[in-house]
Amino acid sequence: RLVTAPFSSRLYGYNKQIEQPVYNPQLAATLAFTAKKHLGGTLPTLRISCPADFSSRSIVQAMIPHWKRVGLDVTLIDHSESSDDKSLDGWDLCYRTASFVEPIVDLWPLLTLQAGTGVEALQGLPERTRHSLLELERTTDWPTAVKRMHKLMADLLTETRYIPLWEVDEFLVARRNLYGLPAKPMHAYDNVEQWALQSWYPQDTP
């Protein structure tokens, strides 16, 4: 399912008013050609990093030919070459997968590529994005926080520094004798402290 934000479309932070960008390879080719002229006739080869798992690398390898057709040369770097500390050195593009539970809390490390929420982590971001994140961090009432989150999502999509691709539904399967599961669990072990397992014995005759 195509999305316009880096978290589930069922979460409060998802702005359902944002329209999905239209796929337009002709426009992409024109922009690439314009950039090529601006840079003196050649475009550098872009290096993309992604997780080492087979699924992620297969997805990136499937996207590379589409970039090639519009005039962009992209090469997938070895996972060992990418920075373990998620710094901005060593790659130009980065394909990432994420599972969000709390959008306002999880958004900061997603955009800064750092686990902490120190102001120094914002230095690599555009001024408008830094201001929006700090504004969101200082918000004390819920309606305003959601409104600012929606605006930030719209700004990020317009800026195209971060491009959400799609979301994948996850499923949880449990036995019928397991009680206390949330009606809509946020992750596999959501509220596990409240789960209760009723004793069960097979009724079939051996």
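So, how was this worked out
Residues numbered from 1 in each chain as written. Predicted model: local features only at pLDDT ≥ 70, side-chain atom pairs only at ≥ 80, totals over all residues. Heavy atoms only, no water. Salt bridge = Lys/Arg side-chain N within 4 Å of Asp/Glu carboxyl O. Helix = DSSP H or I, 4+ residues; strand = E, 2+ residues; numbered from the N terminus. Buried < 20%, exposed > 50% of the residue type's maximum accessible area, 1.4 Å probe, protein only. Expected span 1.5 Å × (residues − 1). Arc of directions from axis to C-beta. Contact = heavy atoms within 4.5 Å.

Student: How should the pattern of salt bridges be read in this particular structure?
Tutor: Think of it this way: side chains of opposite charge can pair up when their charged atoms draw near. Taken as a whole and judged by the stated rule, the model has 8 salt bridges. In this structure, aspartate 169 and arginine 1 form a salt bridge, with 2.7 Å as the shortest nitrogen-oxygen distance. Within this pair, whereas aspartate 169 is found in the loop between helix H5 (142-159) and strand S4 (178-179), its partner arginine 1 is found in the segment before helix H1 (25-38), the two being separated by 168 residues in sequence. The shortest N-O distance in the salt bridge between aspartate 155 and lysine 151 comes to 3.1 Å. Here the residue aspartate 155 and the residue lysine 151 both occupy positions in helix H5, the gap between them amounting to 4 residues, near one helical turn. Under the relative-accessibility criterion, lysine 151 is labelled partly exposed at 48%. Put simply, Arg1, Arg10, Glu167 and Asp169 are held in one network by salt bridges that share partners.

Student: How should helix H4 (residues 127-138) be read in this particular structure?
Tutor: Given 3.6 residues per helical turn, the α-helix brings residues three or four places apart onto the same face. Between its first and last C-alpha, H4 extends 17 Å over 12 residues, near the 16 Å set by a 1.5 Å rise per residue. Of all the residues in H4, the buried ones are Thr129, Ser132, Leu133 and Leu136. Within H4, the buried residues cover an arc of 95 degrees as seen down the axis, which keeps them to one side. Residues Glu127 and Arg138 are exposed on H4 and point more than 90 degrees away from its buried face. Residues of H4 that are buried make contact with helix H3 (103-112) and H5.

Student: Can you walk me through helix H2 (residues 54-69) in this structure?
Tutor: Taking 1.5 Å as the rise per residue, H2 with 16 residues should run 22 Å; its terminal C-alpha atoms sit 24 Å apart, in good agreement. Buried within H2 are the following residues: Ser56, Arg57, Val60, Met63 and Ile64. What you see down the axis of H2 is that its buried residues fit within an arc of 125 degrees, all on one side. The exposed residues of H2 that point more than 90 degrees off its buried face are Phe54 and Arg69. Contact partners of the buried residues in H2: strand S1 (46-49) and strand S2 (74-76). Just past H2, the residue glycine 71 takes up positive phi, approximately 105 degrees.

Student: Looking at this structure, how should I read the environment of serine 99?
Tutor: With respect to the helices and strands, serine 99 occurs in the loop between strand S3 (93-94) and H3. Residue class for serine 99 comes out exposed when judged on its relative accessible area of 53%. Sequence separation between serine 99 and tyrosine 162 is 63 residues, and the spatial gap between their C-alpha atoms is 16 Å.

It is worth stressing that arrangement in space is one thing and function is another; only the former is reported here.
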